[in-house]
Amino acid sequence: TAAAAPTPSAQKAAPKITAASYGTPPKGAVVEAQFRVLLDWTPALLRSALTSADGGNLRTAADLCDAILGDDRASAVLGTRAAALLGSELTFEPGTGRRKKKALKSAEADEDWWNAFPEDELSQLLIWGILLGVGLAELVWIDDPESGRAIPRIKVWHPRHLRFDWQSRSWMLRVDGGEEIAIS
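Residues numbered from 1 in each chain as written. Predicted model: local features only at pLDDT ≥ 70, side-chain atom pairs only at ≥ 80, totals over all residues. Heavy atoms only, no water.

S.K.: Which parts of the structure should I look at to understand the nonpolar core?
M.R.: Of all hydrophobic cores here, the largest spans 12 residues; its members are Leu-58, Ala-61, Ala-62, Cys-65, Trp-128, Leu-132, Leu-136, Val-156, Trp-157, Leu-162, Leu-173 and Val-175. Going through the elements one at a time, α2 (59–69), α5 (119–132) and β2 (150–157) are the ones with two or more residues in this core. It is α2 that provides the largest number of residues to this core, a total of three residues. With five residues, the next largest nonpolar core counts Ala-116, Phe-117, Leu-122 and Ile-154 among its residues. (Core = buried A, V, L, I, M, F, W, Y, C linked by side-chain atoms within 4.5 Å. Buried < 20%, exposed > 50% of the residue type's maximum accessible area, 1.4 Å probe, protein only. Helix = DSSP H or I, 4+ residues; strand = E, 2+ residues; numbered from the N terminus.)

Shown next as structure tokens:
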């Protein structure tokens with residue numbers, strides 16, 4: 001025997017999911033530390049940046065990358081490379097088999113992609129990845145006014161605040177105030 005479908009009045013409305021539902025930290029909870037670097041790069045400082053990066057501390061290597069990005073030619077070449085990667089056609093395919101119900105609808109993924117991952121933020125993340133070998137970003141949940149759904153939005157952080165802790169085998173991020181937090 002088949003079970004009768006519930007009547008429309010017996011069905012409960014699905015709860016509205018907002019960015020607050022995902023536990024967005026209050027403003028000011030985790031803030032990127034501010035900095036300003038003024039260095040004249042010498043061969044000794046270049047070797048020091050390499051040695052520090054090999055040891056897990058990316059501070060001076062990231063500062064060197066900033067200096068490189070200050071050159072219009074290097075910045076233009078890296079921007080062109082990132083634009084070429086972002087210019088590739090992006091498609092989403094619906095899930096199949098057992099994963100069909102768990103996968104995002106391809107239409108929703110296509111609609112939300114550029115809202116969640118704006119091209120300027122992705123470009124910045126790609127440039128850090130190309131130049132330094134690592135990019136750092138945070139997903140911040142926002143309420144999308146167009147769809148009415150909560151979606152993540154990427155926010156790129158400067159990798160100078162990142163270091164690898166060899167004892168705990170984890171990446172540590174220095175935030176505003178000097179505190180370090182483990183990230184994954």
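From this point, things continue past the structure.
S.K.: Help me out: how do you make sense of the packing of α2 against α5 in this one?
M.R.: Between two packed helices, both the angle of their axes relative to each other and the distance between the axes serve to describe the pair. One way to put it is that α2 packs onto α5 with a least axis distance of 11 Å and a crossing angle of 110 degrees. Taken together, the axes of α2 and α5 lie roughly perpendicular to each other. The way α2 lies across α5 gives a crossing that is right-handed. The segment α2 lies against α5, with Ala-61, Ala-62, Cys-65, Asp-66, Ile-68 and Leu-69 engaging Ile-127, Trp-128, Leu-131 and Leu-132. (Axes fitted to C-alpha atoms, helices over the stretch in contact; angles between N-to-C directions. Parallel < 35°, antiparallel > 145°, perpendicular 65-115°, else oblique. Left-handed = near helix turned anticlockwise from the far one by under 90°. Contact = heavy atoms within 4.5 Å.)

Any functional reading would require information beyond the geometric quantities listed.
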